[in-house]
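Here is what each chain is made of, one letter per residue.
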Amino acid sequence: MADKPLYYGSSSKSPLYYGADRPAYPGGAGSRAMYYGASAAYGGAYGGSYGAYGAYGGVYGGSSGAGSDGSIVGTITFGRMLRVISQRWLSVFVFQLVGLIISFAVYRISPTIYEAQSEFTMDMRRTTTRNNTLTQAMPDYGNTYSEIFNTRISDWRSDKIVTRIMQQYRSDHPASTVSDEEIASVLATSKLELLKNSRIITITTRSKIPSLAAALANAYAESIEAFTDEENKLRCDKAVSQIHANADKKRREVEKLATQIRDFRTANKVDNLRSMRDTIQQSLSKTTADILTLETQETQLIEWEKLLDDVQKEPESFGTLSAGIPRAQDIAQEFRAFQDASSEHAKLLVSCTENHPLVVARQKELVIARQRFLDAVQRALMSGRSSLQVVRNQLIKLKNKQLDLRNELSSCEQRIVLAESGLRMLEADFEVANRVLEGLIMDENKARLEAESNNEIVRVGRPANIPTAPVLPNPVVIFGVGLALSLLAGLLFVLVLDNLEDTVINLSDIEGRLSLKVLSVFPHVRRKNREQVAKFLVEDKYSRFSETVAGLRNLLDSPRYEALSHCLLFISTQPGEGKTITSSSVAISYAMAGKRTLHVDFDMRRPRLARIWGFELTNEKSFSHVMQAACTGGTKPDFDSLVNKSSVDGLDVIASLPPEGVSPSTILGSRMVGEFFEWARSHYDRVVVDSPPFGIVGDVVTLAVAVDSVIIMCCPDRTHFKPIQYCAKSLVEAGANILGVIVNDVELSNADAFSPSTHHGYGYRRHYGGYGYGYGYGYGYGYKPKKGKGKDNDSDGKKEASLPDKELADEE
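Fair warning: this is a prediction, and the values are worked out from it, not measured in the lab.

## A word on the overall build of the protein
Part 1 of the argument: Regarding its fold elements, the protein presents 26 helices and 14 strands.
Part 2 of the argument: Looking at the protein residue by residue over its 812 residues, the buried ones come to 46%.
Part 3 of the argument: Taking the contacts inside the protein whose residues are at least 6 apart along the sequence as the reference set, 81% of them involve residues at least 24 apart.
Part 4 of the argument: When the accessible surface of the protein is split by element, carbon and sulfur atoms take 54% of a total near 40,200 Å².

Right, dumping it as structure tokens:
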């Protein structure tokens, strides 16, 4: 047993691929090199291979199997859901009952909730005036009420509003015992909604207490109104803040100028200076008048002095004197006396001579009168001169005083001019600033009016009334949602169960989950041993099985597959799926159709064709031994000598002996395999190759790239998805052409056998004790049938016999 293949094991162990992600290649470097060489040569497996529906895009190119997408429920399709529901409707129904029970419990334990609703209107005024300052200050909430509502709702649900609502509620209901936490929880679940095509916003509150729900709804609306009014005021203040700031600045400037004017007046004593100036002017005027009077007096006195001097010189020329002349009366009296004396003297002279005593006496009297006149004039002159000197002294004093007053007036005038100049400047600045201030105040009032015209106006509309009927719990919603969720849970449950069943059940599993074309469905054949099943096509040409094989052959010969059916490889993912019998049946069908056919046994580790056809082989006729000798000796084998004629015309068979001393991996890694297929293609119309199961050894990959196309075998309730998915993926990546899948060992008991919605629709019969080619082929791969009688009866009513112990011993 030392030379037996690696996959020979005890019947109690599973095949190797269940414990590893990739197949082991026992042939060493040779077969791995062949495999990777084929993979490298592959240039377009996903684009050029033929598969399920024409150009084959790879197993994972379309919809993959339930487990290939990585989800626990698998790929969800409508057909799969219908199938799963029809198969497991009772589980779904149980979930529905549980959902109803839970819904009823939820309905009973749910608290009673009342709903109140208040309304308020919102209006956003817009002005056509465009002021840059106002435009920057006013927020842009949007152009439509929907945009404004969506923008403002965050403010209306802020903590400030919640605090204001609580204060409003406490103010309206001071005797309420509701806690702030309960109010906050009610407000947290409240809703604000804008009615469609309107400016009305509804506030909906829910609470276990009807009066609380209504009160909070009304408090909410009132708080929003008050909050908006405050915001409007702040917004107006912000809108005119710049103008208001300028006005305040100018107002302070005006006040400062007024203070400066007042301080300037106080510091410079402008009013005192003006009073002083008036006083000086009055004094100066009086002094000037006095000077004029004195000058007039001086002039008169000077004239009097001159007149008196002239009188002294010529007393006789004296006329009259004004009354204002000092001692004018004395002078006039003396002058009259002098004139009288002179007249008496003149009269005497007329009558007397100058020496006449009377004349002399009169002469003496005349001299005395003249002297007295001159003395009177002299006294008047001395008085006049004294008066003139007094007047002149007074005049000098007054002129000095006038000069002083004029200097003082000039100084005062200069001080007044300087003070009034500064005061006028300050008063001019004050006037300008005051006019600017008045303009700014007018601008501020105008801007405030314009800002108020842009305000958001919120007013409470319809207040909330105390609700009388509860809104929750809603039986329609609770039971509807309960049924829907229970239905969804039931569907997920049955889909998970269906996905966990990793075996092929019907056609939809293969074509839907594996994206592989089902080429044919082979019915179950009741025969006692493998050889009878393999050659059943020769015995009964018109049976359902024969017609099925013929239909497959015609499909492969169709224009769609003819170019890919010259050299066919039949593989399976595990032993016992009927690839050897299927390949034999297809080879027989080709031969019976008149095509020269070669059937090759490449399962070198466990060859079966020799026993099926009853060939007695020697090492010289054993395909595996001849190929091993050629690899060892380096000689080219004679392939014609390996051909065995079968009992079917046109069908040649190349078989092998058990692999004692043979290394299949060495053979498949050599160039002899390629030369063999070149020879086979050139000598036969069809070449049918039987291979070992994929996943146990690496021979299949090497053979798959050497043939024209590959056909995968599948058994319902036996073939697993993951191995067949991995098989298809590996072969496509290596460059192989996968034509599709043959479903084997199907019990076609009724017309609904292939319905995707029928559970176990193939009518599969598992033969633990018979020779319906199920597990009979897989014993050597690690499967061993249960001891005892078979469960299925033959068509004639007799029980099918179990495999003889001798054959079991030979196979193991």
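More follows now that the structure is in view.
## Observations regarding the pattern of salt bridges
Part 1 of the argument: One pass over the structure, following the stated rule, counts 23 salt bridges.
Part 2 of the argument: For lysine 250, the salt bridge identified is with glutamate 253, shortest N-O distance 2.9 Å. Residue lysine 250 and its partner glutamate 253 are located together in helix 10 (residues 241–268), separated by 3 residues, close to a single helical turn.
Part 3 of the argument: On the basis of relative accessible area, glutamate 253 is assigned to the partly exposed category, the value being 33%.
Part 4 of the argument: Across the pair aspartate 290 and lysine 286 runs a salt bridge whose closest N-O atoms are separated by 3.3 Å.

## Details of a nonpolar patch on the surface
Part 1 of the argument: Judged by side-chain polarity, Ile85, Trp89, Leu90, Phe93, Val94, Leu97, Val98, Leu100, Ile102 and Val106 come together as a nonpolar surface patch covering roughly 860 Å² of accessible area.
Part 2 of the argument: Per-element accounting of the nonpolar patch gives the leading share, 9 residues, to helix 4 (residues 89–109).
Part 3 of the argument: Note that isoleucine 102 resides in helix 4.

## Digging into unusual backbone geometry
Part 1 of the argument: Of note, the amide linkage connecting leucine 472 to proline 473 takes the cis form, showing an omega dihedral of 0°.
Part 2 of the argument: Within the element layout of this structure, proline 473 appears in the loop between strand 6 (456–460) and helix 14 (475–500).
Part 3 of the argument: For asparagine 197, which is not a glycine, the phi torsion comes out positive at approximately 55°.
Part 4 of the argument: By secondary structure assignment, the location of asparagine 197 is in the loop between strand 4 (191–194) and strand 5 (200–207).

## Remarks on the packing of aromatic side chains
Part 1 of the argument: As enumerated under the stated definition, the model contains 15 aromatic pairs in all.
Part 2 of the argument: Ring geometry for phenylalanine 676 against tryptophan 679: centres 5.8 Å apart, planes inclined by 35°, an arrangement best described as tilted. Here phenylalanine 676 and its partner tryptophan 679 are both found in helix 23 (residues 672–683), 3 residues apart, which amounts to about one turn of the helix.
Part 3 of the argument: Look at phenylalanine 676 and you get buried, because its relative accessible area is 0%.
Part 4 of the argument: An aromatic cluster of three or more residues is present, and its members are Phe602, Phe623, Phe639, Phe676, Phe677, Trp679 and Tyr684.
Part 5 of the argument: In this structure, arginine 596 packs its charged tip against the face of tyrosine 684, placed 4.7 Å from the ring centre.

## Brief notes about the sheet that holds strand 3 (residues 114–124)
Part 1 of the argument: In space, the 4 strands of this open sheet follow the order 4-5-3-6, with antiparallel pairing throughout. At either end of the open sheet lies a strand with only one pairing partner, and these are strand 4 and strand 6. With direction set aside, neighbouring strand axes in the sheet form an average angle of 25°.
Part 2 of the argument: Where strand 4 and strand 5 come together, 4 bridges link them in antiparallel fashion. Residue pairing across strands places lysine 191 opposite threonine 204, the latter belonging to strand 5.
Part 3 of the argument: Along the sheet, helix 6 (residues 145–156) makes contact with strand 3, strand 4, strand 5 and strand 6, crossing strand 3 at roughly 120°.

## Details of the sheet that holds strand 12 (residues 686–690)
Part 1 of the argument: With respect to topology, 8 strands assemble into an open sheet ordered 7-14-13-8-12-9-11-10, the strand pairing being mixed. Two strands in the sheet have a free side with no partner beyond their single neighbour: strand 7 (518–523) and strand 10 (644–645).
Part 2 of the argument: As paired elements, strand 13 (residues 709–714) and strand 14 (residues 738–746) share 5 bridges and run parallel to each other. Each residue of the ladder has a partner; that of cysteine 714, found in strand 14, is valine 743.
Part 3 of the argument: Running over the sheet, helix 23 touches strand 8 (567–571), strand 9 (597–601), strand 11 (651–654) and strand 12 and is turned about 155° from strand 9.
Part 4 of the argument: Taken strand by strand, helix 25 (residues 721–734) contacts strand 8, strand 13 and strand 14, and its axis lies near 175° from that of strand 13.

## Points about the packing of helix 21 (residues 623–633) against helix 23
Part 1 of the argument: Where helix 21 contacts helix 23, the axes come no closer than 11 Å and their chain directions differ by 125°. Judged by the angle between their axes, helix 21 and helix 23 are oblique. Here helix 21 contributes Phe623, Met627, Ala630 and Cys631 to the contact with helix 23, which in turn contributes Met672, Val673 and Phe676.
Part 2 of the argument: Class assignment of the residues belonging to the contact of helix 21 with helix 23 gives a composition of 7 nonpolar, no polar and no charged.

## So, the nonpolar core
Part 1 of the argument: Formed by 55 residues in total, the largest nonpolar core has its most connected members in Phe602, Phe676, Phe677 and Leu731.
Part 2 of the argument: The element best represented in this core is helix 25, accounting for 7 residues.
Part 3 of the argument: Those residues in contact with leucine 731 that sit more than four places away from it in its chain are Ile571, Phe694, Val700, Val701, Ala704, Val710, Ala736 and Ile738.
Part 4 of the argument: With 37 residues, the next largest nonpolar core counts Leu564, Phe570, Ile581 and Val688 among its residues.

## Quick look at the pairing of strand 8
Part 1 of the argument: Judged by how many residues are buried, strand 8 sits mostly within the fold: 5 of 5 residues are covered.
Part 2 of the argument: Of the two faces of strand 8, the one carrying Cys567, Leu569 and Ile571 and the one carrying Leu568 and Phe570 are both buried.
Part 3 of the argument: Here strand 8 runs beside strand 12; their pairing, made up of 4 bridges, is parallel. When the sheet's bridge partners are listed, leucine 569 is paired in strand 12 with valine 689.
Part 4 of the argument: Summarising the sheet, strand 8 and strand 13 pair through 4 bridges and their orientation is parallel. Counterpart to leucine 568 in the pairing with strand 13 is serine 709.

## Some points on the packing of helix 7 (residues 159–172) against helix 9 (residues 210–239)
Part 1 of the argument: The N-to-C vectors of helix 7 and helix 9 enclose an angle of 120°; their axes lie 8 Å apart at closest approach. Considered as vectors, helix 7 and helix 9 are oriented oblique to each other. The way helix 7 lies across helix 9 gives a crossing that is right-handed. Contacts between helix 7 and helix 9 pair Lys160, Ile161, Arg164, Ile165, Gln168, Tyr169 and Asp172 from the former with Leu212, Ala215, Leu216, Ala219, Tyr220, Glu222, Ser223, Ala226, Phe227 and Glu230 from the latter.
Part 2 of the argument: A per-class count over the contact of helix 7 with helix 9 returns 10 nonpolar, 2 polar and 5 charged.

What counts and how
- Residues numbered from 1 in each chain as written.
- Predicted model: local features only at pLDDT ≥ 70, side-chain atom pairs only at ≥ 80, totals over all residues.
- Heavy atoms only, no water.
- Helix = DSSP H or I, 4+ residues; strand = E, 2+ residues; numbered from the N terminus.
- Buried < 20%, exposed > 50% of the residue type's maximum accessible area, 1.4 Å probe, protein only.
- Contact = heavy atoms within 4.5 Å.
- Areas by Shrake-Rupley, 256 points an atom, 1.4 Å probe, with all protein chains shown as cover.
- Salt bridge = Lys/Arg side-chain N within 4 Å of Asp/Glu carboxyl O.
- Patch = residues over 30% accessible without salt bridge, like charges linked within 9 Å, V, L, I, M, F, W, Y side chains within 5 Å.
- Phe/Tyr/Trp six-rings, centres within 6.5 Å; stacked < 30°, edge-to-face > 60°.
- Lys NZ or Arg CZ within 6 Å of the ring centre and 35° of its normal.
- Pairing = 2+ DSSP bridges.
- Axes fitted to C-alpha atoms, helices over the stretch in contact; angles between N-to-C directions.
- Parallel < 35°, antiparallel > 145°, perpendicular 65-115°, else oblique.
- Nonpolar A, V, L, I, M, F, W, Y, C, P; charged D, E, K, R; others polar.
- Core = buried A, V, L, I, M, F, W, Y, C linked by side-chain atoms within 4.5 Å.
- Left-handed = near helix turned anticlockwise from the far one by under 90°.

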